[in-house]
Structures are given as C-alpha cells and as structure tokens.
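Results of the structural survey
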Amino acid sequence: MKPLSRLALLALLAAPMARPAAGQETDRSFKWFVGSQAGGLLYKTNAQKYYMDPMFGVNFLITARKAALYLGGEEAFFLTDAHANVVDPATSTTYDVTFSKVRRLFAGLVAYPVPGHIEPFIGAGYAIITVVDATPNSAAGQPFADAAANKAAAWLMGGVQIN
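Below: a short report on this structure.

What counts as what
Numbering of residues begins from 1 in every chain and follows the order in which that chain's sequence is written. Per-residue local features are limited, in this predicted model, to residues with pLDDT of at least 70; the limit for side-chain atom pairs, both in listing and counting, is 80 or more; totals at the level of whole chains, interfaces and linings are taken over all residues. No hydrogens and no water enter the side-chain calculation; it runs on all heavy atoms of the structure. Secondary structure elements follow DSSP: runs of H or I of four or more residues count as helices, runs of E of two or more count as strands, with numbering from the N terminus. A 1.4 Å probe rolled over the protein chains alone gives each residue an accessible area, and that area as a share of the maximum for its type sets the label: buried under 20%, exposed over 50%, partly exposed in between. In what follows, residue pairs with any heavy atoms lying within 4.5 Å of each other are defined as contacts. Methods summary: accessible areas were calculated by the Shrake-Rupley approach with a probe of 1.4 Å, and residue burial reflects only the protein chains presented. Two strands pair if DSSP finds at least two bridges between them. Only buried residues count toward a nonpolar core. Its members are Ala, Val, Leu, Ile, Met, Phe, Trp, Tyr and Cys residues joined through side-chain atoms within 4.5 Å. When a carboxyl oxygen of Asp or Glu lies within 4 Å of a side-chain nitrogen of Lys or Arg, that pair is called a salt bridge. For Phe, Tyr and Trp, where Trp contributes only its six-membered ring, two rings pair if their centres lie within 6.5 Å, and the inter-plane angle classes them as stacked under 30 degrees, edge-to-face over 60, or tilted in between. Geometrically, a charge over a ring is one whose NZ (Lys) or CZ (Arg) sits within 6 Å of the ring centre while staying within 35 degrees of the ring normal.

Further remarks concern the overall build of the protein chain. The helix and strand tally for the protein chain stands at 2 helices and 7 strands. The N-to-C order of helical and strand elements in the protein chain reads α-β-β-β-β-β-β-α-β. Expressed as a percentage of its 163 residues, the buried residues of the protein chain come to 28%. When contacts within the protein chain are restricted to residue pairs at least 6 apart in sequence, those whose partners lie at least 24 apart make up 59%. When the accessible area of the protein chain is evaluated, it comes to approximately 10700 Å², of which 65% is carbon and sulfur surface.

Written as structure tokens, this is what we have:
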C-alpha cells in the first residue's frame, strides 16, 4: 500500500473517534443553522437540448431533538436565454417562449434517527419551481406561458454526516 493510501485509510478510520474541541457544542437541539449553496441547474426543454447554468441559494435548518425543518430557496441565472414551446389547446397554436431565470422554493423535514459521531439522515419535502420571466413571442401566448411556468415536486434526500 502506498503511503498516501495508508494516510487516507488512517484518516477514514480515525474520523469517527474525533471529539469536539473544548469550546464547541455537541448538542444541536433547538438551534437555527443558515447556509448558502452554489451549483448548477441541468435542464432540457421541449425546444432545446441539455444545458447547465449556475444556481445559487440559501437554506435554513431549524433543529429539534432528532428532526429538523429544512427551508430554502435557489435561483438559476441562465447565461443565454432558454427556449421552450407552449401550445394553445383550443387552436393548436404554438408559441415560442424565452426565459432566463428559474427559482425553486422548498420546505421539508429531515430526521436524524441515530445520534452520534456518524449520523445518517433522511428527509423529504415539497418544492415549488417557477420560471420567473417567461416571455412568449406573441402577447396571445402569455396565459399559456404563465400556466406552464409553475410546477410543484416532491423531493427526497439522504446521507451521512460526520460530526
């Protein structure tokens, strides 16, 4: 085994035995945590192929004893306008819609079933995804663009946290 591999294995085995420093709290019950996030939104519309654009957000974790309320929001800022098509079902007229921002607001519950140095967590919630600036190529298509601009979705999350 190479020295770097040995060091990585040793660090992995030693991580669960780590203890908090003297001034750090270990009890997270009834606390508020604020975080920020950055990443990318991978999307595809019915008029274009896959694209990825930057996304930024903020989240709040409000803890209880073994559970937490998870709230947050994110916004994607497209580097170029995205294109999609919406159809008027009464006349079968197709309108080209452009947009450059997508916003996601979410809320959910997260459970920490086994407290300790290595804590698994699982969560579920609900999100509202909105196209902020949907603009059709004709004013007659605006009601159809607005109707297609809002969606709701359920989400799941899970993982392991090392304290």
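That shown, we press on.
Note that strand S1 (residues 32-45) and strand S2 (residues 48-63) share 13 bridges and pair antiparallel. The residue of S2 that forms the bridge with Val34 is Phe60. The antiparallel pairing of S1 with S2 creates a hairpin that spans 2 residues between the two strands. Relative to strand S3 (residues 67-88), S2 runs antiparallel, the two being bridged by 9 bridges. Its bridge partner being in S3, Phe56 is matched across the sheet by Glu75. Here S2 hands over to S3 after 3 residues, the two strands then running antiparallel side by side.

By size, the foremost hydrophobic cluster in this structure holds 16 residues, and its most contacted members are Leu41, Ala76, Phe78, Phe99, Val102, Val131 and Ala134. Put simply, the parts of the chain that give this core at least two residues each are S1, S3 and strand S4 (93-111). Among the elements that take part in this core, S3 stands out by supplying 5 residues, more than any other. Once residues lying within four places of it in the same chain are set aside, the contact partners of Leu41 are Tyr51, Met52, Asp53, Met55, Ala76, Phe78 and Val102.

Another aspect to go through is the pattern of salt bridges. Considering all chains together, one arrives at 2 salt bridges under this definition. Between Arg104 and Glu74 there is a salt bridge; the shortest N-O distance is 2.7 Å. Placement of Arg104 in strand S4 and of Glu74 in strand S3 is noted, with a sequence separation of 30 residues between them. The partly exposed category is assigned to Arg104, whose relative accessible area is 23%. Residue Arg103 is joined to Glu75 by a salt bridge in which the shortest nitrogen-to-oxygen separation is 2.9 Å. Separated by 28 residues along the polypeptide, Arg103 in strand S4 and Glu75 in strand S3 bring together distant segments of the chain. Of the residues examined, Arg103 reaches a relative accessible area of 34% and is grouped as partly exposed.

Our focus in this paragraph is the packing of aromatic side chains. Scanning the entire structure with this criterion turns up 9 aromatic pairs. With 5.3 Å between their ring centres and 45 degrees between their planes, Tyr70 and Phe106 make a pair best called tilted. Remark: Phe106 occurs in strand S4 and Tyr70 occurs in strand S3; sequence separation between them is 36 residues. The pair formed by Tyr70 and Phe106 is uniform in burial state, with each residue classed as buried. Residues Phe106 and Trp155 carry aromatic rings whose centres are separated by 6.3 Å and whose planes lie at 85 degrees to one another, so their mutual orientation is edge-to-face. Of the two residues, Phe106 is situated in strand S4 and Trp155 in strand S7 (residues 150-162); the sequence distance between them amounts to 49 residues. For Phe106, a relative accessible area of 5% gives the class buried. Among the aromatic residues, those joined into a cluster by ring pairs are Tyr43, Tyr51, Phe78 and Phe99. When the ring centre of Tyr51 is taken as reference, the NZ or CZ atom of Lys49 above it lies at 6.0 Å.

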